[in-house]
Amino acid sequence: MPLPLAARRNIHLTHAKQLAQLQLPPESDVRKEKPSDDLQFITRCMKDNPGAIKAAQDSRCTSTGPDSPNWDAVFVSLVECAALSLRHYHEVVKAAEIARKGNLEQAADHLEKAQEEIDIVAQLLDCTFVQLCDFVTQSPDGSPSLSGAFCGLFISNNIEKPYMGIAYKGTSTDSEKITDLTWAPIVPYLPGVAWGASMHAGFYQGLFGTFTTEDHGPQIPFNVMLETLSHAYTLHPNAQLHFTGNSLGGAYCIITYGEFLRRQAESAFANFKFGDMYAFGAPRVCLEPFATEFNRRTQIPGGGKYSFRIVNTLDPVPTIPPVFKNQVAKYPFVHPASAWRITTDGPEKMGDEPPAVDPQDIIALIANAHYHDPREYYASWQKTPHS
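What comes next concerns the included structure. (Residues numbered from 1 in each chain as written. Predicted model: local features only at pLDDT ≥ 70, side-chain atom pairs only at ≥ 80, totals over all residues. Heavy atoms only, no water.)

### As for the overall build of the chain
Rules: A helix here means a DSSP run of H or I that spans at least four residues, while a strand means a run of E at least two residues long, and both kinds are numbered starting from the N terminus. Each residue is placed in one exposure class: buried if its accessible area under a 1.4 Å probe, protein chains only, is under 20% of its type's maximum, exposed if it is over 50%, and partly exposed if it falls in between. Two residues qualify as a contact provided that any one of their heavy atoms is within 4.5 Å of a heavy atom in the partner residue. Working definition of accessibility: Shrake-Rupley area with a 1.4 Å probe, residue cover restricted to the visible protein chains.
A tally of helices and strands in the chain yields 16 helices and 12 strands. For the C-alpha atoms alone, the extent of the chain along its principal axes is close to 50 × 45 × 45 Å. Out of the 387 residues in the chain, the part that is buried amounts to 58%. Contacts in the chain between residues far apart in sequence, at least 24 positions, make up 76% of those at least 6 positions apart. With the model as given, the accessible surface of the chain reaches about 15600 Å², and the carbon-plus-sulfur share is 54%.

Below is the structure:
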């Protein structure tokens, strides 16, 4: 059953109120938004793979075991997180400008325009798209150069086999790039997060930092995401959740999935029927004990909650942080989750990636950056055993 239009409109109005209290984003981020053929590429991929989409929908994007990724669900998840890059940033800026003048209804109109191309992809998936949180144009208190997470929800319209996909957007703005690079680990300020493991500072701030506005007071992106998700889930209480994201979004996806695993017995999480995670090109996010606790809950055959990190051939991003081998002892980041490398020769299971390079080999790291592109991931996915 599609999400009622009134519920979607209320989400946009709430976001407009939030934007009214914010400083406008850097002009450099707005100016660099250029027309692209990303929508055409994504829709063409979908039209070329109707069998994979149908099989993923029939399975509700679940896999059968920790060593058996559902490659059809992998494709749908890749489409979901790639679609978030289609948001029109300039429309969000217009919404912020108009909201600051007090016209929230018109600002909400621009927010709807901002996601029009995402809505096209959602419709082709027979889903409804809803924004869960958007802190891309904001900075956490005390860290003005960083930004927060953008997360959306794809709600299946199939009432017989309902599912929802929680997707996080990858890096696209200058402040998000700085967030990526602020990787020196910090101990979470909020007790219990990531089982107390030290975490990539930028990712922690982007998801659990405090974002204060005059009207709304302090807000935490993860909590905003959870509140909006909970409201949507009350309208679809039998939906099976899966989690996805690419690059920066893959990092947020892993951390979010970890929190759902850690807190699944709490009342705020107990009603969710959640299954698997599919993260693409994600960097490392935490030190131990995060990976150990995470894997203990996802690597059990028959457990129904399986995690898969998908890594494209020579993509350098999953090898960091740290950047260099001589930094490992000081910064012992460790990946969680079962990892699968996809290549034009087919998929293979792999262990934790080694740190990227020796200092003298930084040029090789940069040269392989194109393997991080979702289009390259799609090219390699085509060699997987899918429908």
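### Brief notes about the packing of aromatic side chains
Applied cut-off: Each Phe, Tyr or Trp ring, with Trp reduced to its six-membered ring, pairs with another whose centre is within 6.5 Å; inter-plane angles below 30 degrees give stacked pairs, above 60 give edge-to-face pairs, and intermediate values give tilted ones.
Applying the stated criterion to the full structure yields 28 aromatic pairs. Seen in terms of ring centroids, F243 and F260 are 5.0 Å apart; in terms of plane orientation they differ by 70 degrees. Their pairing is edge-to-face. In this pair, F243 sits in strand β8 (residues 240-246) while F260 sits in helix α12 (residues 248-262), placing the two residues 17 residues apart along the sequence. On the basis of relative accessibility, which here comes to 1%, the residue F243 falls in the buried class. Given a relative accessible area of 0%, F260 falls into the buried group. Measuring from centroid to centroid gives 5.9 Å for Y378 and W381, while their planes differ by 20 degrees, and the two rings are stacked. Taken as a pair, Y378 and W381 lie in helix α16 (residues 374-381) at a separation of three residues, close to a single helical turn.

### Brief notes about the nonpolar core
Here is the rule we go by: As used in this record, nonpolar core signifies buried Ala, Val, Leu, Ile, Met, Phe, Trp, Tyr and Cys residues forming a set joined through side-chain atoms within 4.5 Å.
In terms of nonpolar packing, the biggest core is built from 53 residues, with L229, L241 and F260 touching the most fellow members. Among the elements that take part in this core, α12 stands out by supplying nine residues, more than any other. Contact partners of L229, with chain neighbours within four places excluded, come to L132, L153, M164, I166, L241, F260 and F272. Core analysis: the next-biggest nonpolar cluster, separate from the first, contains 44 residues, C45, A52, A83 and L86 among them.

### What to know about the sheet that holds strand β9 (residues 273-280)
The criterion, for reference: Strand pairing is assigned whenever DSSP detects at least two bridges linking the two strands. To define axes, lines are fitted to C-alpha atoms, for helices over the stretch in contact only, and angles between the resulting N-to-C directions are given on a 0 to 180 degree scale.
Taken together, eight strands build an open sheet; the order of strands is β1-β2-β3-β8-β9-β10-β11-β12 and the sheet is mixed. Looking at which strands have only one partner, the edges of the open sheet turn out to be β1 (127-134) and β12 (346-350). Each neighbouring strand pair of the sheet contributes to a mean axis angle of 20 degrees, computed without reference to strand direction. Sheet topology places strand β10 (residues 307-312) next to strand β11 (residues 338-343); five bridges connect them, and they run parallel. Each residue of the ladder has a partner; that of F308, found in β11, is S338.

### Quick look at the pattern of salt bridges
Going by this rule: When a carboxyl oxygen of Asp or Glu lies within 4 Å of a side-chain nitrogen of Lys or Arg, that pair is called a salt bridge.
This structure, assessed with the given rule, holds 12 salt bridges. The salt bridge partner of K54 is D58, with a shortest N-O separation of 2.7 Å. Separated by four residues within a single helix, K54 and D58 lie in helix α4 (residues 50-59), roughly one turn from each other. According to the relative accessible area criterion, D58 is partly exposed, its value standing at 32%. The salt bridge partner of E176 is K169, with a shortest N-O separation of 2.9 Å. Each member of the pair E176 and K169 is classed as buried.

### What to know about the packing of helix α3 (residues 38-48) against helix α5 (residues 71-83)
Rule in force here: Any angle from 65 to 115 degrees is called roughly perpendicular, while one under 35 is roughly parallel, one over 145 is roughly antiparallel, and all others are oblique. Handedness of a crossing is defined here by the sense of rotation of the near helix relative to the far one, left-handed for an anticlockwise turn of less than a right angle and right-handed for a clockwise turn.
Between α3 and α5, whose axes approach to 11 Å, the crossing angle comes to 165 degrees. In terms of orientation, α3 and α5 fall into the roughly antiparallel class. Relative to α5, α3 is oriented so that their crossing is left-handed. Contacts between α3 and α5 involve I42, C45 and M46 from the first element and F75, V79, A82 and A83 from the second.

### Topic: the environment of D38
What counts, and what does not: Pairs of N or O atoms within 3.5 Å make up the polar contacts considered here, provided that, within protein, one atom can donate a hydrogen while the other can accept it, and that residues adjacent in sequence are counted only when both atoms are side-chain atoms.
One can find D38 in helix α3. Taking C-alpha positions, D38 is 8.3 Å from S85, a pair spaced 47 residues apart along the chain. Here D38 is in contact with S85, L86 and R375, once residues within four sequence places are set aside. A polar side-chain atom of D38 sits 2.9 Å from a polar atom in the side chain of R375.

### Details of α16
Using the following cut-off: Our arc is simply the arc of the directions from the helix axis toward the C-beta atoms.
Every buried residue of α16 is accounted for by Y377, Y378, S380 and W381. Buried residues along α16 cover an arc of 165 degrees about the axis, so they all sit on one side. Along its buried surface, α16 packs onto α3, α4, α5, β9, β10 and β11. Here α16 starts with a cap whose side-chain oxygen sits 2.7 Å from the backbone nitrogen of R375, and that cap is D373.

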